[in-house]
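Okay, here's what each chain looks like letter by letter:
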Amino acid sequence: MNKQPVVIIDSGIGGLPYMEWIKSRLPDENFVYIADNKNFPFGTKTRDDLIRIMTETMSWAVDKFRPKAAVIACNTASVVSLAALRSNFSFPIIGVVPAVKPAAFMTAKKRIGLMASNRTIDDEYTEKLITDFASQCVVARFAGTEIINFIENELQAAAEAQITAVLKPAADFFKKSDVDSVVLGCTHFLFLEDEIRNNFGDGIRIIDSREGVGRQVIKVLTEKGLLSDEKKTDYFHITGLSDEEKISRYGWVLNKYGLCAV
Ligand code: DGL
């Protein structure tokens, strides 16, 4: 048994639905969620910058929280920095990468869509994922940078019409590409899962990695004997904002997810 926290890192709020899934299955686990707002969005950064940012954030988290494991709840950071992080830190690190493999199994038309950040769309890791697991499929890629920004910064106060408007270019693109499945390759998109499903239409299956990643976290903690048997407090840390900004912008997150600001 190990009461040390699992650290979960994203550029913003994207990883919260992943944390929720794990929390609901492992109620005795303790979490520290880090939203690296100072470096948001990750998707427009270079590989080198992202590796540096993630290594610094993880080193800081190790000093401050002594985690027993980490989840990189961000496709962009995972495709770029997972290998570097695993070679620098000795505890288990679980990543989130686009669910291209399950999508390739499920597609009947052999035409799948991938919606993700610019970095993820263009990255060599994604290229290899497609070559390894979906080489028999056409993969239509859409960089959803505006949707990611909207979810992080505007979703809380947004009306239905604004959501429909921000999703329209992606919905049009995937309908025109004639895909039957779309992979949500950015964790932020889960906040608009229902709206994406409605706007993309019945003919498009939406695929995400939340359950697959959650099950992997449970498996790793179980196999390594790292499960906790004592629930303490779950914390939320945001980089780069004043205390007032933290509360005004992210107070709803603390309430909704039962987190304590640190
Ligand atoms: N949630 C991230 C991802 O899964 C965020 C992207 C960003 O910060 O650009 O890729």
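Residues numbered from 1 in each chain as written. Predicted model: local features only at pLDDT ≥ 70, side-chain atom pairs only at ≥ 80, totals over all residues. Heavy atoms only, no water.

(A) Here's a closer look at the nonpolar core. The biggest cluster of nonpolar side chains holds 58 residues, and the ones touching the most others in it are Met 115 and Phe 200. Of the residues forming this core, the biggest block, six residues, is contributed by helix α8 (residues 160-176). Dropping the residues within four chain positions of it, Met 115 is found in contact with Phe 142, Ile 147, Ala 170, Phe 174, Val 182, Val 183, Leu 184, Gly 185, Cys 186, Phe 189, Ile 196 and Phe 200. Counting 23 residues, the second largest nonpolar core, distinct from the first, contains Ile 34, Met 54, Ala 70 and Phe 91. (Core = buried A, V, L, I, M, F, W, Y, C linked by side-chain atoms within 4.5 Å. Buried < 20%, exposed > 50% of the residue type's maximum accessible area, 1.4 Å probe, protein only. Helix = DSSP H or I, 4+ residues; strand = E, 2+ residues; numbered from the N terminus. Contact = heavy atoms within 4.5 Å.)

(B) Region of interest: the sheet that holds strand β6 (residues 138-143). With respect to topology, four strands assemble into an open sheet ordered β6-β5-β7-β8, the strand pairing being parallel. On the outer flanks of this sheet lie β6 and β8 (205-207), each paired with one strand and no other. Strand after strand, the sheet turns through a mean of 25° between neighbouring axes, direction not considered. Inspection of the sheet shows strand β7 (residues 181-184) paired to β8 by three bridges, in the parallel sense. The residue of β8 that forms the bridge with Val 182 is Ile 206. (Pairing = 2+ DSSP bridges. Axes fitted to C-alpha atoms, helices over the stretch in contact; angles between N-to-C directions.)

(C) Quick peek at the pattern of salt bridges. Counted under the stated rule, the structure contains 18 salt bridges. Between Arg 52 and Glu 56 there is a salt bridge; the shortest N-O distance is 3.8 Å. A residue pair is termed a helical-turn pair when its members lie 3 or 4 positions apart in one helix, as Arg 52 and Glu 56 do in helix α2 (residues 47-65) at four residues. When the shortest N-O distance is used, the salt bridge between Arg 210 and Glu 193 registers 3.0 Å. A residue pair is termed long-range when its members are at least 10 positions apart, and Arg 210 in helix α10 (residues 210-223) and Glu 193 in helix α9 (residues 193-200) qualify at 17 residues. In the salt-bridge network here, residues are joined through shared partners; they are Arg 47, Arg 119, Asp 123 and Glu 124. (Salt bridge = Lys/Arg side-chain N within 4 Å of Asp/Glu carboxyl O.)

(D) Representation of the sheet that holds strand β9 (residues 235-238) within the structure. The sheet built from six strands is open, its strands ordered β4-β3-β1-β2-β9-β10 with parallel pairing. Whereas interior strands pair on both sides, the edge strands pair on one side only; in this sheet they are β4 (93-95) and β10 (260-261). Of the pairings in the sheet, the one linking strand β1 (residues 6-10) to strand β3 (residues 69-72) comprises four bridges and is parallel in character. What sits directly across from Val 7, in β3, is Ala 70. Most of the contacts of helix α1 (residues 16-25) go to strand β2 (residues 31-35), to which it runs at about 170°, and overall it touches β1 and β2. Across the sheet, helix α3 (residues 75-88) is in contact with β3 and β4; its angle to β4 comes to roughly 160°.

(E) Region of the structure containing the side chain of Thr 239. The residue Thr 239 is located in the loop between β9 and α11 (243-257) in this model. Excluding residues within four positions of it along the chain, Thr 239 makes contact with Ala 35, Asp 36, Asn 37 and Lys 38.

(F) The arrangement of the packing of helix α7 (residues 145-153) against α8 in detail. Viewed as axis vectors pointing N to C, α7 and α8 meet at an angle of 160°, and their least axial separation amounts to 9 Å. Accordingly, the angle class assigned to the pair α7 and α8 is roughly antiparallel. Here α7 and α8 pass one another in a crossing that is left-handed. Between α7, through Glu 146, Ile 147 and Phe 150, and α8, the contact on the second element is made entirely by Gln 162, Ile 163, Val 166, Leu 167 and Ala 170. Here the contact of α7 with α8 is built from residues that sort into six nonpolar, one polar and one charged. (Parallel < 35°, antiparallel > 145°, perpendicular 65-115°, else oblique. Left-handed = near helix turned anticlockwise from the far one by under 90°. Nonpolar A, V, L, I, M, F, W, Y, C, P; charged D, E, K, R; others polar.)

(G) Region of the structure containing the state of the cysteines. For the structure on display, the rule yields zero disulfides. Sulfur of Cys 186: no disulfide; nearest cysteine sulfur belongs to Cys 74 and is 6.6 Å away. (Disulfide = S-S within 2.5 Å.)

(H) How the structure looks around the site of the ligand. For the ligand, the full set of nearby residues is Asp 10, Ser 11, Phe 40, Pro 41, Phe 42, Gly 43, Cys 74, Asn 75, Thr 76, Cys 186, Thr 187 and His 188. Within the side chain of Asp 10, an N or O atom sits 3.0 Å from a nitrogen atom of the ligand. Burial of the ligand by the protein amounts to 99% of the accessible area it has alone, namely 290 Å². Of the residues in the shell around the ligand, the class split is five nonpolar, six polar and one charged. (Near = heavy atom within 4 Å. Polar contact = N/O pair within 3.5 Å; in protein donor to acceptor, adjacent residues only side chain to side chain. Areas by Shrake-Rupley, 256 points an atom, 1.4 Å probe, with all protein chains shown as cover.)

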